[in-house]
There are 2 protein chains.
Amino acid sequence: MVTTWPKNFPGLGTGAEFLAEQINVMSGGRIHVEVYGAGELVPAFEIFDAVAGGSAQMGHGSAYYWKGKYPALQFFSTTPFGMTAMEMNSWLYHGGGMQLWQKAYEQFGLVPAASGNTGVQMAGWFNKEVNSLEDLKGLKMRIPGLAGEVLKRAGGTPVNLPGGELFTSLQSGTIDATEWVGPYNDLAFGFHKIARYYYYPGWHEPGTTLECFINKAAFEELPEDLQSIVLNACRVANQDMLAEYIARNNDALETLVNEHNVKLRELPAEVIDTLGKLSEEVTVELASVDALAREIFDSYSNFFKKSRAWLNISERAYLNLRAG
Amino acid sequence: MVTTWPKNFPGLGTGAEFLAEQINVMSGGRIHVEVYGAGELVPAFEIFDAVAGGSAQMGHGSAYYWKGKYPALQFFSTTPFGMTAMEMNSWLYHGGGMQLWQKAYEQFGLVPAASGNTGVQMAGWFNKEVNSLEDLKGLKMRIPGLAGEVLKRAGGTPVNLPGGELFTSLQSGTIDATEWVGPYNDLAFGFHKIARYYYYPGWHEPGTTLECFINKAAFEELPEDLQSIVLNACRVANQDMLAEYIARNNDALETLVNEHNVKLRELPAEVIDTLGKLSEEVTVELASVDALAREIFDSYSNFFKKSRAWLNISERAYLNLRAG
């Protein structure tokens, strides 16, 4: 298994190791998965081609990294102002999303599976305070996927870089700002040593799905029980990663704020409003690529309309109630 | 596997079937799980003893049904004003909760596993509108677990009944109100034919964990790969049920409101405030039973304090942001 993460990077890299371990144990050793960090066998952003080409059997990343291959793949990671982790899982497993993801990856000879989720991410680290839309103009920020396009339309310069290159890029001034994941991961990378302002809520990645993809020919050689073990191990890993982030983020945030004097800030309403409008614009445009992209967009949008209505009187109403 | 649900009841009964199917397929037929509905082998509320005694190998229910055996078991289902589904999974898998659940069930010769979650439940069905605390006085309501004790202290009469008996109890006037799960399940039981008012948010069960428990001696006879298959199948089923509820609830709610003319209502602030205070009271009292109960309470409370703080700037902030 080749991955886009530094070997054993908290949450993401360890999530890939956890997945491998479940497959190894459940298969009683009939499958042995070995995990390679970014750059060990192939660079982070070449794992998709490596697995499609058969030089590795499995990959671990996130679908928006491959938007250059096919833009609509971004729906299988996250969309700005889109679905949360709970909704993504619901769409994938009970709303037809998984079948569409399979269809989209079949073109590349790959079988996809959701195998992790970060939950709502933080809006990111900034050298300077963001007080108005003006502060986004000319901003060089690492922000992948659709959200990068949103930043561009708001006047900024989005950059896509693998995690392992973010600290030095921020340090050297190649970028002025970066989002990554959330407190647990961000503390590990040490962004607070350079950028002082840490923003929420994460409008741009409200529930990012991580993926495992498998070389289709290799997958089809497996008997039914091992296929089921591999796909179910991905589901376990999917749930486990989200559980880990929820468990670790608050302690890490307290360390950042109390020990490292990071300034925790909420994005201004004006900025949120504009980013929201631009997000809808770029998401809708994705549908126009071809018939499959339209099908993915329609499925995502129709599901989201319903899940949002339900969460408004369940999850959201309850979280507001208990906050008093 | 004996269950507390009617055979193939949507979400809960089908969730037990889904779990059995994953075990059967992943084990390549080395394990064959057969699911029995409530009353088929033993009545709903006798499954705990049946599996502890070895007359069945697995059970599927929820831990608060066994509060008569040991009150602190309720923490492994849900607590009023407590953790959501996401937080329960996080506490269980990454916060020490699972180890405590194992310790608590070991006394009965059982191995527990989380194997489903309903998400935030609806506050329930009422014959009459709830406009003030006065309307809870003398109210006979089916409401299990700690929330039942809360209702009692608010002047009502809580009743614990298995799902299959709720419709006739409501019809005959044995109860004036009932909570069950949410629109998808409640529509299936037809409560709207009798009670007209449907309330949210579900203060009393914010993320109810369903369980699978296994006879410990039977579990220990399994080799490591099959033990891992059984426990991981429970984790897959845990995630899958929540995904299904999120996918189905909104359509069912629209049917209830638009086709059956059900009145959807929000509980008044005065009622919520009082129920909140009473909920804290009854939850704290559970800790005083013995040292293990104290340990469970402390673990749950300490974890919850942190997860709540984190969700306030992630999940909650985002859900409010996107609602505009």
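Residues numbered from 1 in each chain as written. Chains lettered and ligands numbered in written order. Predicted model: local features only at pLDDT ≥ 70, side-chain atom pairs only at ≥ 80, totals over all residues. Heavy atoms only, no water.

We now examine the pairing of strand β3 (residues 110–117) of chain B. Residue and element names in this part refer to chain B. Counting buried positions over the eight residues of β3 gives eight, a clear majority of the element. Note that β3 and strand β9 (residues 209–215) share seven bridges and pair antiparallel. Residue pairing in the sheet places Ala114 in a bridge with Glu211 of β9. (Buried < 20%, exposed > 50% of the residue type's maximum accessible area, 1.4 Å probe, protein only. Helix = DSSP H or I, 4+ residues; strand = E, 2+ residues; numbered from the N terminus. Pairing = 2+ DSSP bridges.)

Okay, the interface of chain B and chain A next. Listed by partner, the interface residues are 65 residues for chain B and 65 residues for chain A. Summed over both sides, the interface of chain B with chain A buries roughly 6,000 Å², with 64% coming from carbon and sulfur. Where chain B packs against chain A, one counts six salt bridges. For the salt bridge of A:Arg322 with B:Glu87, the shortest nitrogen-to-oxygen distance reads 2.8 Å. Across the chain B-chain A interface, the total number found is 25 residue pairs in polar contact (both at pLDDT 80 or more). For the side of chain B that touches chain A, the secondary structure elements donating two or more residues are α1 (13–26), α3 (85–94), α9 (224–259), α11 (291–313) and α12 (315–323) of chain B. Ranked by residue count, the leading element in the side of chain B that touches chain A is α9(B), at 20 residues. (Contact = heavy atoms within 4.5 Å. Buried area = accessible area lost by both parts, 1.4 Å probe. Salt bridge = Lys/Arg side-chain N within 4 Å of Asp/Glu carboxyl O. Polar contact = N/O pair within 3.5 Å; in protein donor to acceptor, adjacent residues only side chain to side chain.)

Once that is clear, we can look at the packing of aromatic side chains. All names here are of chain B. Counting across every chain of the model gives 56 aromatic pairs over all chains. Looking at Arg235, its charged tip hangs above the ring of Tyr93, at a distance of 3.7 Å from the centre. The residue whose ring lies beneath Arg308 is Phe304, and the NZ or CZ to ring-centre distance is 4.3 Å. (Phe/Tyr/Trp six-rings, centres within 6.5 Å; stacked < 30°, edge-to-face > 60°. Lys NZ or Arg CZ within 6 Å of the ring centre and 35° of its normal.)

Quick look at the environment of B:Phe219 now. Residues and elements named next belong to chain B. Turning to its location among the elements, Phe219 is positioned in helix α8 (residues 216–220). By relative accessible area, which is 8% here, Phe219 ends up buried. Spatially, the C-alpha atom of Phe219 lies 50 Å from that of Gly324, the residues being 105 residues apart in sequence. Discounting chain neighbours no more than four positions away, the residues touching Phe219 are Val111, Ile214, Gln227, Val230 and Leu231.

Time to look at the environment of A:Phe126. Residues and elements named next belong to chain A. The topology assignment puts Phe126 in strand β4 (residues 124–126). Classification of Phe126 by relative accessible area gives buried; the value is 5%. Between the C-alpha atoms of Phe126 and Leu170, which are 44 residues apart in sequence, the distance is 9.6 Å. When neighbours within four sequence positions are excluded, Phe126 is seen to be in contact with Leu139, Met141, Asp176, Ala177, Ala195, Arg196, Tyr197 and Tyr199.

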